Amino acid sequence: MFKAGTLVQRKERNNSLFYIMALIPAFAYLGIFFIYPLVLSVYYSFTNISLLNIDHYRYIGFYNYGRLFSSSVFEQSVIITVVFFIFSAILGQMVLGAIVAYVINGTKKIFGTVITLVILMAWATPQVVSGITWYSTLSYFPVGLVNYIITGLGGKPIHFLSYHNALYMIILSNIWIGLGFSVLLFSSAIKNINPSVIKATIVDGAGPFSRFFRVIFPMLKQTILTDLILITLWTLGAFTVVYVLTHGGPADATNILTIYQYHTAFSVFDVGLANTIGVMIILAGIVMSLVYIRVIKIED
Amino acid sequence: MKTEDIKITAILAYITLIFLAFLFIIPFVWVFVEGFASVGNIGFGDFGTFTLSSYYAIFRSKYFVLSIENGLIQSFGGTAVSIVLAIFASYVFSRKRFPLRNALILTVLFFTGFPVFSLLIPMYVFYQNVNLYNTQVGVILVLGVLNLPITIWIMKNSFDQIPKSIERAAMVDGASPYQTIIHVFLPLAFPTIAVLILLDFITNWGNFYVPYILLSSRHLFPIAVYIYTYFGAYSVKYNELAAASVIYMIPTLILYIFAQKYLIKAFSVGGVKG
Amino acid sequence: MVSVKLVNINKKFSGTTVLKDMNLEVQDGEFFILLGASGSGKSTTLNIIAGLEKATSGDILFDDRIVNKMGPVQRGVAMVFQDYALYPHLTVRNNIAFPLKMRKASKEFIEKKVGEVSNVLGLEKYLDRYPRELSGGQAQRVSLGRALVRDPDIFLLDEPLSNLDAKIRSQIRVELKLIQENLGKTFIYVTHDQQEAMSLGDRIAILRHGKLEQVGSPMEVYKDPVNQYVAAFLGEPEINFFELTRNSNMYSSEEIILKGIEAEENEITAGIRPESIKLKKERDNDVEIKIKIQTFESFGSYSVIIGKARSGKEVRVRLAEIPEIKPSTEMAMYVPLDEIYLFGKDGNRIGKK
């Protein structure tokens, strides 16, 4: 009988061991493939490591940071990123997404579902294909779809991807990609609002606009925060579509930070500086992630 | 508000939405038309005649077929890694209270929305040093880790829904923690896990920059990189590019129709509820 | 064949004490009831016996063998849950077979066992159904079957009937009692329902705020409560309490006067069960109580009168006969002196312990 007891104790300990063993792989994996590169990124930003010779490099202190902050290309890239972010993420995805979701909510269910699915198709499309489709739509020569229509109506073709226009076009394409997600998020949130509250606003004589801005909008605070954080992080990490569509050009006109980082590493081979740019992006991301964690409370 | 006004706003809503949907479809027009064209130009002047020859042609291309294969291997590989590791971690997070629990959950959440692109450059150097550069395994491991945090988070929330008494019953019935996971948690959380597999796969299948930065050999390229390099080449047959793009995006679009119902649940668990 | 002993069990959850110095002995083959209101610690006690929760301190003994660190399987316990806890993705057959599958029993053995158990519980017709296709009563039978199939030494039941509607509840209650008698195994049964406790239990333990108030056979705890709480907890309608003060050689309140009783304190409480109150005076020292009838309910075999004493205090009376009474009349009733319980200021019975 005593024997059984010890055997059982071993079994109990085995359970604790199991729980530990269940967590270790996931966290070792996150440690090596997520946290380690993060540390490396910070580390390399203080060195002169180059792709031409990745084995030999030395510590150069804040030299890369100094270079970066005095660089006009970086300054321009930050401005482009901020403009890209405000117009494509905040206005084009979140605000427009909330409005579209609200309008959809007022239509028949099957109609709304079809519209949402169509809009979401853009989000679902692999981004390399999105880049190609937008290229085919906007191309000046050979003539893309929009210019084909314009010339067909007797107008002059427009150089959509020129130095002056390209930024608007990547904003447009990013709205196209991201709108569906915001619409979906806001749709489900609006559906969760108690319908009798909305009925009350109708009885009280509120028109659709004041109903949206005075009643519905304030009730969506939590959704707005969630959406805001997610699209900020996604836009901050946006790369593929812009890379396929414009390569950051022409003449750096669409040189958002990720593209700038990529070219610094793989065209100029300056991995040290590229990681300094990376640290900037990561810092912005960390600030957003921390806000995200505060918004999503861990229940216990 | 008068009833006529309501009618007018309603009609306006339908018109606006139809117009918006139309705008969203426009960029797709070319890929779907061009793929059936006999003339390989990007413009809209002349498509030649309707033909399936582009589709025949790309499937005869060795590297295109190989790229589909690679895309499947890498996407499924990454998905398998994320899902398997997430199942065990999520079970412990959902059912056990231990000292570091909250810190570890916060770590997971922290990486959920991380701007991962910026990590690929140090990753590139790291991979060169450990000989994972230009390998399928290397790509699979990065794809797997990118989806792991969100997968753990969603799965934990799904496990949280399983009543405590069922787990206790399993314990009393003599199931070990491992048996409890396999025989009770997995079948009960199966709908969520299926959606997670779908979402992870779609994300991996659509990912371009991970294989683009971490691979250099043509025979390892997944379809995303294949299409991009084909697009950037000098003499592009646009009808074949379009056909390849359609082949590439069709599975994602079909899977999305299944998964979209759960998308919101996946991204806003805890968030919307507050 | 196992007896269970709890020795000085304490249980704390993040600072709050849930169980305090619990000492308990359950005999082998006994139908033992843990009875208490919610928050009394009865379910915690059961979970600690099951090995699902660990006690903060103290020992759990199965047949004099310490099992503190064993899991539920090693302890050989089976459990039936309030919400049945059936595996929703498994058929009835597989639900019952689950414990055997976990032990890697042979296919033939599993089949034979499942057949036996479903026969005992009348579940043969439902074996291929899923839990969602079962009524509450059927689901609880499956849950019971899952416990039976393992041939455990001890059955632990956590309010197994409380989610069922009244008719099925009494039916399954009878079945449970029969099963326990046939198996002759130890059952430990948690409930908040005093009727269930009285009708099922060989012995009842009454818990309150994590402390054991009294243990005994149903009649013992009912007829001989150690304190006011136990007296009030058992019995339907609830016992009447009167607060008395000493007045030379008798104790009195506005409603009753007690003579010839022995107590040390000046202020005591008298407890009178509704059925102790009679219409006729039987002995000289019967205590008289005058009440004005307010409501009168007849249940066929007995009747309940709610009345008011002159002081305005409500008095509950349960009569075995159905008298002819008109509401609003005042009448005198009588209580045999030896059926009155006396409690001191601390709530404990005077003359006990």
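### Digging into the environment of Ile119(A)
Piece 1. On the secondary structure map, Ile119(A) appears in helix α4 (residues 109-124).
Piece 2. Considering only alpha carbons, one finds Ile119(A) and Gly180(A), 61 residues apart in sequence, at a separation of 5.0 Å.
Piece 3. Beyond its immediate chain neighbours, meaning those up to four positions away, Ile119(A) contacts Val100(A), Leu179(A), Gly180(A), Leu20(B) and Phe24(B).

### Notes on the sheet that holds strand β10 (residues 211-216) of chain C
All names here are of chain C.
Piece 1. Here six strands make up an open sheet; going across it, the order is β6-β7-β8-β3-β9-β10 and the pairing mixed. Unpaired on one side and paired on the other, β6 (77-80) and β10 mark the two borders of the sheet. Adjacent strand axes in the sheet meet at a mean angle of 20 degrees, parallel and antiparallel pairs treated alike.
Piece 2. Here five bridges tie strand β3 (residues 31-36) to strand β8 (residues 186-191), and the two strands are oriented parallel to one another. Each bridged residue has a counterpart across the sheet, and for Leu35 the counterpart in β8 is Thr191.

### Observations regarding the packing of helix α2 (residues 53-60) of chain B against helix α3 (residues 62-95) of chain B
Pairs of packed helices are described in terms of their axes, by the angle between the two and the distance that separates them.
All names here are of chain B.
Piece 1. Relative to each other, α2 and α3 sit at 75 degrees, their axes nearing to 5 Å. Comparing their axes, α3 and α2 come out roughly perpendicular. Contacts between α2 and α3 involve Ile58, Phe59 and Arg60 from the first element and Lys62, Phe64, Val65 and Ile68 from the second.
Piece 2. In terms of residue class, the contact of α2 with α3 is built from five nonpolar, no polar and two charged.

### Notes on the pattern of salt bridges
Piece 1. Overall, the coordinates contain 23 salt bridges over all chains when judged by the stated rule.
Piece 2. The salt bridge involving Arg146(C) is made with Asp173(B); its shortest N-O contact spans 3.5 Å. With Arg146(C) in helix α5 (residues 136-148) and Asp173(B) in the loop between α7 (164-172) and α8 (177-188), this residue pair bridges two chains. Taken individually, Arg146(C) and Asp173(B) each receive the classification buried, so the pair is uniform in this respect.
Piece 3. One network of salt bridges, in which partners are shared, links Lys112(C), Lys113(C), Glu116(C) and Asp151(C).

### Section: the packing of aromatic side chains
When we look at a pair of aromatic rings, we describe it by the centre distance and by the angle of the planes.
Piece 1. Across all of its chains, the model carries 68 aromatic pairs over all chains by this definition.
Piece 2. Between Phe74(A) and Tyr260(A), the ring centres sit 6.4 Å apart and the planes meet at 35 degrees, which makes this aromatic pair tilted. One end of the pair, Phe74(A), is in helix α3 (residues 72-105); the other, Tyr260(A), is in helix α12 (residues 257-266), and 186 residues separate them in sequence. Both residues of the pair, Phe74(A) and Tyr260(A), count as buried.
Piece 3. Relative to Phe114(B), the ring of Phe111(B) has its centre 5.6 Å away and its plane inclined at 55 degrees; by these criteria the two rings are tilted. Each member of the pair, Phe111(B) together with Phe114(B), is buried.
Piece 4. Among the aromatic residues, ring-to-ring pairing joins Phe239(A), Tyr243(A), Tyr262(A), Phe266(A), Phe117(B), Tyr124(B), Tyr133(B), Phe208(B), Tyr209(B), Tyr212(B) and Tyr228(B) into one connected group.
Piece 5. The aromatic ring of Tyr87(C) is capped on one face by Arg146(C), whose charged end is 4.8 Å from the ring centroid.
Piece 6. A cation over an aromatic ring shows up here: Arg318(C) above the ring of Tyr302(C), its NZ or CZ 3.8 Å from the ring centre.

### Quick look at unusual backbone geometry
All names here are of chain C.
Piece 1. Across the junction of Glu236 and Pro237, the peptide omega takes the value -5 degrees, indicating a cis bond.
Piece 2. Looking at the element boundaries, Pro237 is found in the loop between α9 (228-233) and β11 (240-247).
Piece 3. Backbone geometry places Asp151, a non-glycine residue, at a positive phi of 55 degrees.
Piece 4. Tracing the chain through its elements places Asp151 in the loop between α5 and β7 (154-158).

### Digging into the nonpolar core
Piece 1. Counting 202 residues, the largest nonpolar core has Phe208(B) and Ile188(C) as its most contacted members.
Piece 2. Here this core takes 15 residues from helix α7 (residues 166-192) of chain A, the largest share from any one element.
Piece 3. Taken domain by domain, the makeup of this core includes at least three residues from each of domain 1 (1-51) and domain 2 (61-269) of chain B.
Piece 4. Discounting residues that sit within four places of it in the chain, Phe208(B) has contacts with Val128(A), Phe239(A), Thr240(A), Tyr243(A), Ala224(B), Val225(B) and Tyr228(B).
Piece 5. Of all hydrophobic cores here, the second largest spans 44 residues; its members include Ala78(C), Phe155(C), Ile179(C) and Leu234(C).

### Topic: the pairing of strand β2 (residues 16-26) of chain C
Residues and elements named next belong to chain C.
Piece 1. Sheet analysis places strand β1 (residues 4-13) next to β2, joined by seven bridges and oriented antiparallel. Directly across from Lys11, in β2, lies its bridge partner Leu19.
Piece 2. Between the antiparallel neighbours β1 and β2 lie two residues, among them Ser14 with a positive phi of about 35 degrees.

### Topic: the confidence of the model for chain C
Piece 1. Summary statistics for chain C give a mean pLDDT of 88 and a share of 99% for residues scoring 70 or more.
Piece 2. With a pTM of 0.79, the predicted complex shows an ipTM of 0.85.

### Regarding the domain arrangement of chain B
Residues and elements named next belong to chain B.
Piece 1. With domains assigned, chain B is organised as domain 1 (1-51) and domain 2 (61-269).
Piece 2. Summarising the inter-unit geometry, the C-alpha centres of domain 1 and domain 2 are found 33 Å apart.
Piece 3. Contacts between the two partners involve twelve residues from domain 1, matched on the other side by ten residues from domain 2.
Piece 4. Between the two partners, domain 1 and domain 2, sit zero salt bridges.

Criteria and cut-off values
Residues numbered from 1 in each chain as written. Chains lettered and ligands numbered in written order. Predicted model: local features only at pLDDT ≥ 70, side-chain atom pairs only at ≥ 80, totals over all residues. Heavy atoms only, no water. Helix = DSSP H or I, 4+ residues; strand = E, 2+ residues; numbered from the N terminus. Contact = heavy atoms within 4.5 Å. Pairing = 2+ DSSP bridges. Axes fitted to C-alpha atoms, helices over the stretch in contact; angles between N-to-C directions. Parallel < 35°, antiparallel > 145°, perpendicular 65-115°, else oblique. Nonpolar A, V, L, I, M, F, W, Y, C, P; charged D, E, K, R; others polar. Salt bridge = Lys/Arg side-chain N within 4 Å of Asp/Glu carboxyl O. Buried < 20%, exposed > 50% of the residue type's maximum accessible area, 1.4 Å probe, protein only. Phe/Tyr/Trp six-rings, centres within 6.5 Å; stacked < 30°, edge-to-face > 60°. Lys NZ or Arg CZ within 6 Å of the ring centre and 35° of its normal. Core = buried A, V, L, I, M, F, W, Y, C linked by side-chain atoms within 4.5 Å. Domains from an automatic or database assignment. pLDDT = per-residue confidence, 0-100.

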